[in-house]
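# Close look at the chain arrangement
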Amino acid sequence: MTLSKIFKAYDVRAIYPDPLNEAAAWKVGCATGQYLKQHVEDAEGDLASLTLPHTVVMSRDMRPHSESLSKAFIEGVLASGMNVIDVGMCDTSFIYFAINHLNAAGGVQVTASHNPINYNGFKISGPYAKPIGATTGLKVIEAIAEKIDDPDSFDGKGAYEERDLWEPYREHVLKFYTPPKGGRVLKVAVDAAGGMGGKLVPKVFSNLPGLQIIPINMEITGTFAHDPNPLVPANMKPTQDAVLKGKADMGASFDGDADRCILCDEKGEVIGCDHLTALLVDHFTKDEKGATVVYDLRSSKALEEAITKAGAWPKKGRVGHVFMKATLRETKGVFGGELSGHFYFRDSFYTDSGAIAFAAILSVLGQSDKPLSEMVAPFKKYPQSGEINFRTEDKDAVLAELEKKYADAAIDKLDGVSIDDWSKKGWWFNVRASNTEPLLRLNAEAKDRATLAGLMKEIKPMLGTEDHGH
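First, a word on scope: everything that follows refers to the structure included in this document. (Residues numbered from 1 in each chain as written. Predicted model: local features only at pLDDT ≥ 70, side-chain atom pairs only at ≥ 80, totals over all residues. Heavy atoms only, no water.)

### Quick word on the nonpolar core
Operational definition: Nonpolar cores are built from buried Ala, Val, Leu, Ile, Met, Phe, Trp, Tyr and Cys residues. Side-chain atoms within 4.5 Å join them into one set. Here the term buried applies to any residue with accessible area under 20% of the maximum for its type, exposed to any over 50%, and partly exposed to those in between, with areas from a 1.4 Å probe on protein chains only. Secondary structure elements are taken from DSSP: a helix is a run of H or I of four residues or more, a strand is a run of E of two residues or more, and numbering for both begins at the N terminus. The contact criterion used throughout is that any non-hydrogen atoms of two residues lie within 4.5 Å.
Val-87, Tyr-169, Phe-205, Met-250 and Phe-358 are the most contacted members of the largest nonpolar core, which has 83 residues in total. Of the residues forming this core, the biggest block, ten residues, is contributed by helix α11 (residues 354-366). Beyond its immediate stretch of four places on either side in the chain, Met-250 contacts Lys-187, Val-188, Ala-189, Val-243, Leu-263, Cys-264, Asp-265, Phe-358, Ile-361, Leu-362, Leu-365 and Leu-372.

Rendered as structure tokens:
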């Protein structure tokens, strides 16, 4: 059995049962146990203070095969000699909390996030819930797993126990929630798409002062009510319809494993996550002048301006949760936001949390007399292209050509190529290459629509054929 098909850049993910099945799960579990054991034993300093250095925390989502994959993975971990604490079915941000709450060697969520129901996978974290991706240990786990020929040769006898951590998790998330002022009650439509939001929202946000939830697709049936990716506009429709019908103050749609949250205002307008990050800047920096806020480099200039205006430091981050978390941790940033709907919090162990993002927005909205659309309006001042994909065979040649053509502008190569001529010509753009396909991804912004149209006319022919399938 070759495992290369199931290992990706950030996690293990594939179609069930071929190539991802219980036999593969056992091997990856055993390899993860061996890796974390070695990782903790080799480490010095901060890892020496782990309370449970030989324990892996396990959790899973609601997919029909998650339970059997989790069971096989756990058996693999136990065979490696590591112990397991199983915290059951929960959202992905729960496992990040659990690893830190228990001070364990690491943890694993069985999920395929927003992928269709026939997919599954493993999101693996190390101590302090630091993500384990291809460059931070996942390649090592893959190599260990590939070498396992005879599972019977592993006779580790790790201890297994189950624990319910919902009460401390609720307490942790609600540290970020302030009830609305003046006895106001916020009415909020929430769509869980049949995913883990259906467990998270009732467990954490029920019976709160000042909050009335209009539930959508909260039932957990082992399948999704619709494609659980709220970045796709069609998937926001149930939320938007419920907001308008129920005259709600806002709507929220969670992805399959509920670590991402996309919002719409009281008019049913979807709010860009860069504009949402801008709205949260004051909330997270008001008591800490000079704090760093990390943001996705594809974000609007309005966000950078909002951070500077708040007396905070703007720090651009590479796209992807592994990079965003690392940047937040390195800069000791207070908060970060990504266009994908991931929001990151220093006071939640530098991890992302859909639940905390939801709690924070409710707090900000509840303390204001304005509707959400008015609060976001100041940040929607520059026209944006949105992400457009182009099919091209020689990605590197195109990027080099762009650098040459715009040599007079400011060029940044943090992630792909960012070219900024904002001060003179009033525009900037970023072009990134896909890791897996012959695609380039363009994001552009300008001070006005005419400037954006002119820029797009100039650069689109250089990028290849526009791809409408992504």
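### Let's talk about unusual backbone geometry
The omega torsion across Tyr-16 and Pro-17 is 5°, close enough to zero to call that bond cis. Among the secondary structure elements, Pro-17 is positioned in the loop between β1 (12-15) and α1 (22-42). Residue Asp-18 is joined to Pro-19 through a cis peptide bond whose omega torsion reads 20°. Take Pro-19: it is sitting in the loop between β1 and α1. If you check the backbone angles, Ala-129 has positive phi at about 65° while not being a glycine. Topologically, Ala-129 is positioned in the loop between β5 (119-125) and α4 (138-146). Overall, the relative accessible area of 2% leaves Ala-129 in the buried class.

### A word on the packing of aromatic side chains
What counts is decided by this rule: The aromatic pairing rule takes the rings of Phe, Tyr and Trp, using the six-membered ring of Trp, and pairs them if the centres are within 6.5 Å, calling planes under 30 degrees apart stacked, those over 60 edge-to-face and the rest tilted. Only lysine NZ and arginine CZ atoms are considered, and such an atom sits over a ring when it is within 6 Å of the ring centre and within 35 degrees of the ring normal.
Overall, the coordinates contain 17 aromatic pairs when judged by the stated rule. With a centroid separation of 4.6 Å and 10° between ring planes, the pair formed by Phe-284 and Phe-335 is classed as stacked. Here Phe-284, found in helix α8 (residues 273-285), pairs with Phe-335, found in strand β13 (residues 335-337); they are 51 residues apart in sequence, far enough to count as distant. Like Phe-284, the residue Phe-335 is buried in the burial classification. Seen from their ring centres, Tyr-406 and Phe-429 are 5.5 Å apart, and the 75° between their planes marks the pair as edge-to-face. In this pair, Tyr-406 sits in the loop between α13 (395-405) and β17 (410-412) while Phe-429 sits in strand β19 (residues 427-433), placing the two residues 23 residues apart along the sequence. Overall, the relative accessible area of 7% leaves Tyr-406 in the buried class. Aromatic ring contacts, followed pair by pair, group Phe-94, Phe-97, Trp-166 and Tyr-169 into a single cluster. Taking the ring centre of Phe-323 as reference, the NZ or CZ of Arg-318 above it sits at 3.9 Å. Directly above the ring of Tyr-406 sits Lys-405, whose terminal nitrogen or CZ lies 5.5 Å from the centroid.

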